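# Residue-level structural notes
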Amino acid sequence: MVERNDRELLRASSNAGEGWASWRYHIEFSISTLEQLREWIDVTPSEEDAIRTCEGKYRWRITPYYASLMDRSDENCPIRKQAVPSTLEFKECLGSHVDPVGDIDNRKTARIIHKYPDRVAMLVSDRCPVYCRHCTRKYHTMDFSGTYYENNKYGGFERDIAYLHSHSEVRDVLLTGGDPLILSDSAIDRILTAIRRIKHIEIIRIGSRCPVVLPQRVTPELCAVLERYHPLFFVTQFNHPSEITSWAAEACEMLLKHGIPVLNQSVLLKGINDSLITMKTLVTRLVSIRVLPYYLYHCDNAVGVSHFVTNIQEGRAIIDGLVGYTTGFAVPKYVVTTKLGKIPLSRDYTSCNAASLTLTNYEGKEITIQAPDHD
Ligand SMILES: *Cc1c(COP(=O)(O)O)cnc(C)c1O
Ligand code: SF4
């Protein structure tokens, strides 16, 4: 099914190459019916049930590229679990919330979420090439009636841009969504031009999962647009080592060659990447392709996502197994996002009193260092 947005994207593109190497192919032939999915995997009765229940409730679709990474017969395949609907999404769960991170409370215009003093997130799209089953903004990407943007999603950036103009404390703008790269190069160009006209905006970030689910979308043409707006950073979301393919590596490499730092934000997901060996492989492979692990998010208890939530002790054990044991900059910051912002969850390695500081190293050995005597 080619959605209206996609048709616009396809028309607007000057990407000549067709076939697997072209992102157009993966949008045009994206998988959104049971029949299409059966070409890639042996759909289980439970998955079939979930797909039927999804209708009119949650969006789902998968690019042929991402589907090609799925295991045909293993329903516990980590790629499959991130992309194929599960019946667990419809199970009511105590304590879950449609918006656990408080986006809606901090929403200042249709697109701007201003939660921290000097930076904002701008939700420029409600579409994604693949709808992650664990998406914390499920409320946003399941708004079928388009009311999120006040029925004005194809235009009307004026109020959002005006907000940025009038808030001189904002020096950092994060374009997110949905996936911003679902917009055409020229639409992205227009948004970036409008933001760069604002003198107090120092840095721009783009949050997109395309390097993982549609790496073909990172083209020389796109990079030529992005590099005109430096300092610009790219933040993506690899959750499992098997997502680091040569296609993904090439997409990151292209961004890097255009001077765009690439950072990664993983989500800790039960049954997908909640083990030390998986996480260690992920972060070390990421640094080998020069992508820096930035955050490890504790999975939010969002409605439809609760079955992916681990407990905090498990997350801490993973971080404890990385700190000191591997490259310092390969270790992400473990945080949980709340209505009050992101809060660090890594354990305390220190205990102190006025005169001294007792420290525990990564192996659990203790050392005490004395404060200087200034008398
Ligand atoms: C995560 C987030 C940011 C960016 O936070 P950093 O810690 O600077 O990466 C900004 N705005 C919102 C609403 C966010 O959720
Ligand atoms: S790409 Fe991001 S916004 Fe889109 S479904 Fe995945 S996590 Fe959600």
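This write-up is about the structure you can find in this document. All of these numbers come straight from a predicted model, not from anything done at the bench.

Reading guide: rules and limits
- Residues numbered from 1 in each chain as written.
- Chains lettered and ligands numbered in written order.
- Predicted model: local features only at pLDDT ≥ 70, side-chain atom pairs only at ≥ 80, totals over all residues.
- Heavy atoms only, no water.
- Phe/Tyr/Trp six-rings, centres within 6.5 Å; stacked < 30°, edge-to-face > 60°.
- Helix = DSSP H or I, 4+ residues; strand = E, 2+ residues; numbered from the N terminus.
- Buried < 20%, exposed > 50% of the residue type's maximum accessible area, 1.4 Å probe, protein only.
- Lys NZ or Arg CZ within 6 Å of the ring centre and 35° of its normal.
- Pairing = 2+ DSSP bridges.
- Axes fitted to C-alpha atoms, helices over the stretch in contact; angles between N-to-C directions.
- Near = heavy atom within 4 Å.
- Nonpolar A, V, L, I, M, F, W, Y, C, P; charged D, E, K, R; others polar.
- Core = buried A, V, L, I, M, F, W, Y, C linked by side-chain atoms within 4.5 Å.
- Contact = heavy atoms within 4.5 Å.
- Salt bridge = Lys/Arg side-chain N within 4 Å of Asp/Glu carboxyl O.
- Expected span 1.5 Å × (residues − 1).
- Polar contact = N/O pair within 3.5 Å; in protein donor to acceptor, adjacent residues only side chain to side chain.

## Some details on the packing of aromatic side chains
Here the structure, examined in full by the defined rule, presents seven aromatic pairs. Pairing Tyr325 with Tyr362 gives two aromatic rings, centres 4.9 Å apart and planes at 85°, and the pair type is edge-to-face. Taken together, the residues span a long stretch of sequence, with Tyr325 in the loop between α14 (312-322) and β8 (333-338) and Tyr362 in the loop between β11 (356-360) and β12 (366-370) at a distance of 37 residues. Overall, Tyr325 belongs to the partly exposed group, its relative accessible area being 45%. By way of ring pairs, the aromatic residues Trp20, Tyr25, Phe29 and Trp40 are connected into one cluster. Between Arg111 and the ring centre of Phe157, over which it is positioned, the NZ or CZ distance is 3.9 Å. Looking at Lys138, its charged tip hangs above the ring of Tyr58, at a distance of 4.6 Å from the centre.

## Digging into the sheet that holds β8
Overall, mixed pairing links the nine strands, which are arranged β1-β2-β3-β4-β5-β6-β7-β8-β9 in an open sheet. Each edge of the open sheet is held by one strand with a lone partner, namely β1 (112-116) and β9 (341-344). Each strand axis lies, on average, 30° off the axis of its neighbour in the sheet, ignoring direction. In terms of strand pairing, strand β5 (residues 232-236) meets strand β6 (residues 262-268) through three bridges, oriented parallel. Looking at the pairing, Phe234 lines up with Val262 of β6.

## Details of the site of ligand 2
Around ligand 2, the neighbouring residues are Cys128, Val130, Tyr131, Cys132, Cys135, Gly178, Arg209 and Gln237. Grouping the constituent residues of the shell around ligand 2 by class yields five nonpolar, two polar and one charged.

## Describing the nonpolar core
Generally speaking, soluble globular proteins have nonpolar side chains that are buried together. Residues Leu37, Met122, Leu164 and Ile195 are the most contacted members of the largest nonpolar core, which totals 83 residues. Excluding residues within four positions of it along the chain, Ile195 makes contact with Met122, Ile161, Leu164, Val173, Leu175, Ile201 and Ile204. Val267, Ile272, Ala302 and Val305 belong to the second-largest nonpolar core, a separate cluster that totals seven residues.

## Here we look at the environment of Thr326
Relative to the helices and strands, Thr326 is located in the loop between α14 and β8. Since its relative accessible area comes to 15%, Thr326 is described here as buried. In sequence terms Thr326 and Pro220 are 106 residues apart; their C-alpha atoms lie 34 Å from each other. Non-local contacts of Thr326, meaning those with residues more than four positions away in its chain, are made with Lys280, Thr284 and Val331.

## Quick look at the pattern of salt bridges
Applying the stated criterion across every chain, the model contains 21 salt bridges. With a closest N to O distance of 2.4 Å, Asp103 and Arg137 form a salt bridge. Placement of Asp103 in the loop between α6 (78-83) and β1 and of Arg137 in the loop between β2 (119-123) and α7 (138-141) is noted, with a sequence separation of 34 residues between them. Like Asp103, the residue Arg137 is buried in the burial classification. Several salt bridges share partner residues, and in doing so they unite Asp118, Arg119, Arg171 and Glu202 into one network.

## Digging into helix α12 (residues 246-257)
Under the 1.5 Å per step criterion, the end-to-end length of α12 is 16 Å for 12 residues, consistent within 8% with the ideal 16 Å. Of the residues making up α12, those classed as buried are Ala248, Ala251, Cys252, Met254, Leu255 and Leu256. The residue sitting at the N-terminus of α12 and contributing the capping side-chain oxygen is Thr245; that oxygen lies 3.3 Å from the backbone nitrogen of Trp247.

## Here we look at the sheet that holds β12
As summarised here, the arrangement of the three strands in space is β10-β11-β12, forming an open sheet in which the pairing is antiparallel. Here the strands that pair on one side only, and so sit at the sheet edges, are β10 (350-352) and β12. Ignoring strand direction, the axes of neighbouring strands in this sheet form an average angle of 20°. Examined bridge by bridge, β10 and β11 share three bridges and lie antiparallel to one another. Residue pairing across strands places Ser351 opposite Thr358, the latter belonging to β11.

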